[in-house]
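Reading the structure
So you can see what is in the structure, the chains are spelled out below.
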Amino acid sequence: MESIGIGLAGFGTVGAGVFQALQQNGELLYRRLGVRFEVRRIALRHPTKNRPFPAPEGLVTTNWRDLIADPSIRIIVELMGGTKEPFALFRSAIAAGKTLITANKALLAEHGAEIFQLAESANVPVFYEAAVAGGIPIIKSIREAFVGNHFESIYGILNGTSNYILTRMTDSAMDFHQALAEAQSLGFAEADPSLDINGWDAAHKAIILASLAYGFWLNTNSIQVEGIENISPLDIRFALELGYNIKLLASIRSHPNQEIEVSVRPTLVPQSHVLASVNGVFNAILINGDLVGESLLYGRGAGQAPTTSSVLGDLAEAALALTFPRASGGFKPHNLQGRVKDASSSESSFYLRLNVNDRPGVLAQIANILGNAEIKISSMLQPEGADADHTSLVFMIHNAPTGTTMEAVSKIATLSCVEANPVLLHVQKKEERENSH
Ligand code: HSE
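Along each chain, numbering runs from 1 in the same order as the chain's sequence is written. In keeping with the model being predicted, local features are shown solely for residues with a pLDDT of at least 70 and side-chain atom pairs are shown and tallied solely at 80 or more, while totals for entire chains, interfaces and linings include all residues. Side-chain numbers come from the whole structure's heavy atoms, not from hydrogens or water.

This next bit is on the overall build of the protein chain. Scanning the protein chain from terminus to terminus reveals 14 helices and 17 strands. In terms of C-alpha radius of gyration, the protein chain reaches 24 Å, essentially the compact-globule figure of 22 Å for 437 residues. In terms of its C-alpha atoms, the protein chain occupies a principal-axis envelope of roughly 80 × 50 × 35 Å. Accessible area is worked out with a 1.4 Å probe on protein chains only. A residue is then buried under 20% of its type maximum, exposed over 50%, and partly exposed in between. Per-residue burial over the protein chain gives 54% buried out of 437 residues. For the protein chain, restricting intrachain contacts to residue pairs at least 6 apart in sequence, the fraction spanning at least 24 positions comes to 74%. Methods summary: accessible areas were calculated by the Shrake-Rupley approach with a probe of 1.4 Å, and residue burial reflects only the protein chains presented. Counting only carbon and sulfur atoms, one obtains 50% of the accessible surface of the protein chain, whose full area is about 18900 Å². Numbered from the N terminus, helices here are DSSP runs of H or I no shorter than four residues, and strands are runs of E no shorter than two. For the radius of gyration, the atoms used are the C-alpha atoms, and the globule rule reads 2.2 Å times the number of residues raised to 0.38. Contacts: residue pairs with any heavy atoms within 4.5 Å of one another.

This is how it looks when you write it as C-alpha cells:
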C-alpha cells in the first residue's frame, strides 16, 4: 500500500471538508487509485477559533513552514484565503519541490504568471480545479477535454453567492441583505463577501479561464468588472416584465488580431436562454470551441462538498503526477501576442433605467441625447404609477458602442429632470444563442 503525505494549509469550510472527505471516501480513493492520502499536518492561523469541525490537535501547527519542512509531506493543499501568505507559501513549496493544490482564485489571478513560471522551471505541478466554479470540472475541460479547440467564447455564471442572492431577490422578493446573510450562513460566500458582491470573485475566475484558454496571463487591471451591489428589486421586476432575468455574467470573447475581451457585469439574460434558469448557488459555463461547438457545464459553484470534490480530483491527479512526473507546471503560455481588448469600443445592448420628475418634454430631452449619439431605442417602459410627479423610465437600447452609450448616459444624468443616478445594465441579445447553434 502506498501512502502519500499531505499538508493542509487552512482549515476553514473547504479545509475541514477535505479532511472529512478523506476519512469518509479514503477507502474508495484507495480502491480506485491504489494510494492512501494521509493528512500529516494542518496549518491554522487561529488555532483557538471555534470551528464546527475542529482540527485534530496532534496535527495542528500555526506555522505553514512546518508543512514545507516535513519531508513526509509531498503535497500541500493551500486553502488559507488571502494572497500574501499563500504566495509566500507557494514560493517556498515550489522551491522545496512540493506538489501544490489550491482553491485560491485571487492568488492565481494576481500572481499566476509568476507562480506558473516558477512551477514550470522547478518542474512542480500545481493543480487548481477548485479555484473556479466549485465542483464543476472546468479547468480539466479546458486543459484536457477541449485542448484541441480554438475558443470563440467562454461565458456564464461563475459566482454562487451572487447568483444565490439574485435568485432569492427574483423568486422570493427578498432584499439584498437578507439574501446575502442566507448565502453566508450556508457557507457559499468568501470570508470577505465583498468580493462575491462586487464581481471580483467571478473576475478572478474569469482571468484564470481566459489565461488558460488564450495562452497569456491576463492583467487584473485590464478587464471590466461590475458587481451586483446596485441591483435593486425594481430592476429585477422591470427585467422580468421585459422577459429577462438579471444574472452576474462573466464573459470571455475572442476577437481578431489575438485580442480577447473579458468582463464581469450584471446582465439581463433572456428567459429563453439556458443561463436564465441557472439558479441558487449553481454555476454554468458555456464554452464555444471551433470543433466542439457549444458545450454547457453546470453544477454547484460554491459550498463545502462540491469544492472538496474538486480538491479530491486534484489529489488524484497529483498522486499520478508523483508517479509519472508531468512536463507542465499547470499553465503553459502559448500566445505571446495576446492582448486584452478595450471593452468601451465593443457593442452591446443595454437596459437603462431613469428616475425622473415627470414633466412634459422629459421624454423628448432624453430621446434627443440618445438620438444625437445615434443610439437606437428598441423599446420603452413607463409604468403607470400612483405618483403623478415621479416615475421610472426604462429604455432598451439596441446594439450600441459601449463608450458612446456611457457618454450619452452621463449627459442624461445631468438633466434637471433626472432625479437619481441612471442604472445602465448590459443585455444579452435574444438572438445570440440561437445563432450559435
Ligand atoms: N464565494 C464563491 C462563490 C465560492 O460564491 O462562488 C467559490 O469560489
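Having seen it, we continue.
Any two strands with at least two DSSP bridges between them are considered paired. Sheet topology places strand β11 (residues 282-289) next to strand β12 (residues 293-300); eight bridges connect them, and they run antiparallel. Along β12, the bridge assignment pairs Ala284 with Tyr298. Where β11 hands over to β12, the hairpin turn is made up of three residues, counted between the paired strands.

Before going further, it helps to examine the packing of helix α6 (residues 160-171) against helix α7 (residues 176-185). Orientation of α6 relative to α7, taken along the N-to-C sense of each, is 135°, at an axis distance of 9 Å. Relative to α7, the element α6 lies oblique. Between α6 and α7 lies a crossing whose hand is right-handed. Packed against α6, whose contacting residues are Thr161, Tyr164, Ile165, Arg168 and Met169, the element α7 presents Phe176, Ala179, Leu180, Glu182 and Ala183 at the interface. Axis lines are fitted through C-alpha atoms, for helices just across the contact stretch, and the angle between N-to-C directions can take any value from 0 to 180 degrees. Roughly parallel means an angle under 35 degrees; roughly antiparallel, over 145; roughly perpendicular, 65 to 115; everything else is oblique. Should the near helix be turned counterclockwise from the far one by less than a right angle, the crossing is left-handed, whereas a clockwise turn marks it as right-handed.

Note that domain bounds follow an automatic or database assignment of domains. Considered domain by domain, the protein chain is made up of domain 1 (2-134 + 305-323), domain 2 (158-300) and domain 3 (343-429). Distance between the C-alpha centres of domain 2 and domain 3: 24 Å. Between domain 2 and domain 3, the contact holds 21 residues from the first and 17 residues from the second. Accessible area that two parts lose when put together, evaluated with a 1.4 Å probe and summed over both, is termed the buried area. Note on domain 2 versus domain 3: buried area summed over both sides is about 1600 Å², and carbon and sulfur give 64% of it. Together, Phe238, Leu242 and Leu268 form the three largest contributors to the area buried by domain 2 at its contact with domain 3, with a combined 31%. Here a salt bridge means any side-chain nitrogen of Lys or Arg lying within 4 Å of a carboxyl oxygen belonging to Asp or Glu. Counting across the domain 2 and domain 3 interface gives one salt bridge. Put simply, Arg353 and Asp235 hold a salt bridge, and the shortest N to O gap is 2.5 Å. We call two N or O atoms a polar contact when they sit within 3.5 Å, provided that within protein one can donate a hydrogen and the other can accept it, with sequence-adjacent residues counted only if both atoms are side-chain atoms. Counting every contact that joins domain 2 to domain 3 gives seven residue pairs in polar contact (both at pLDDT 80 or more). Put simply, the parts of the chain that give the side of domain 2 that touches domain 3 at least two residues each are α10 (233-241), β9 (244-255) and β10 (259-270). Element by element, the count of residues in the side of domain 2 that touches domain 3 is highest for β10, at seven residues.

Moving on, we get to the sheet that holds strand β4 (residues 73-78). Judged by pairing direction, the sheet is parallel, and its six strands sit side by side in the order β3-β2-β1-β4-β5-β6 without closing on themselves. Both outer strands of the open sheet, β3 (60-61) and β6 (126-127), are each paired with one neighbouring strand and no more. Inspection of the sheet shows strand β1 (residues 2-9) paired to β4 by five bridges, in the parallel sense. Following the sheet pairing, Ile6 is matched in β4 by Ile75. Here helix α1 (residues 13-33) sits on the sheet in contact with β1 and β2 (35-43), set at roughly 165° to β2.

In the neighbourhood of the ligand, the contacting residues comprise Lys105, Asn159, Gly160, Thr161, Phe188, Ala189, Glu190, Asp196, Asp201, Lys205, Gly301 and Ala302. At 3.4 Å from an oxygen atom of the ligand is found a side-chain nitrogen or oxygen belonging to Asn159. At 2.7 Å, a backbone N or O of Gly160 approaches an oxygen atom of the ligand. Protein contacts shield 95% of the accessible area of the ligand, which totals 260 Å² for the unbound molecule. Contributions of two or more residues to the shell around the ligand are made by α6 and α9 (200-214). For this classification, the nonpolar set comprises Ala, Val, Leu, Ile, Met, Phe, Trp, Tyr, Cys and Pro, the charged set comprises Asp, Glu, Lys and Arg, and every other residue, Gly included, is treated as polar. The class makeup of the residues in the shell around the ligand is three nonpolar, four polar and five charged. We call a residue near a given molecule or strand whenever any one of its heavy atoms falls within 4 Å of it.

The term nonpolar core refers to a set of buried residues drawn from Ala, Val, Leu, Ile, Met, Phe, Trp, Tyr and Cys, joined through side-chain atoms within 4.5 Å. Ranked by size, the top nonpolar core spans 82 residues in total, and within it Tyr128, Ile138 and Tyr351 carry the most contacts. Counting residues per element, this core draws most heavily on α9, at ten residues. What Tyr351 contacts, discounting residues up to four positions off in sequence, is Asp235, Phe238, Leu242, Leu268, Val394, Phe395, Met396, Val423, Leu424, Leu425 and Val427. Ile42, Ile75, Ile101 and Ala319 belong to the second-largest nonpolar core, a separate cluster that totals 31 residues.

Now for the pairing of β4. Along any regular strand, the residues point their side chains to alternate faces of the sheet. Burial analysis of β4 places five of its six residues in the buried class, which makes it a mostly covered element. Here β4 runs beside strand β5 (residues 99-102); their pairing, made up of four bridges, is parallel. Looking at the pairing, Val77 lines up with Ile101 of β5.

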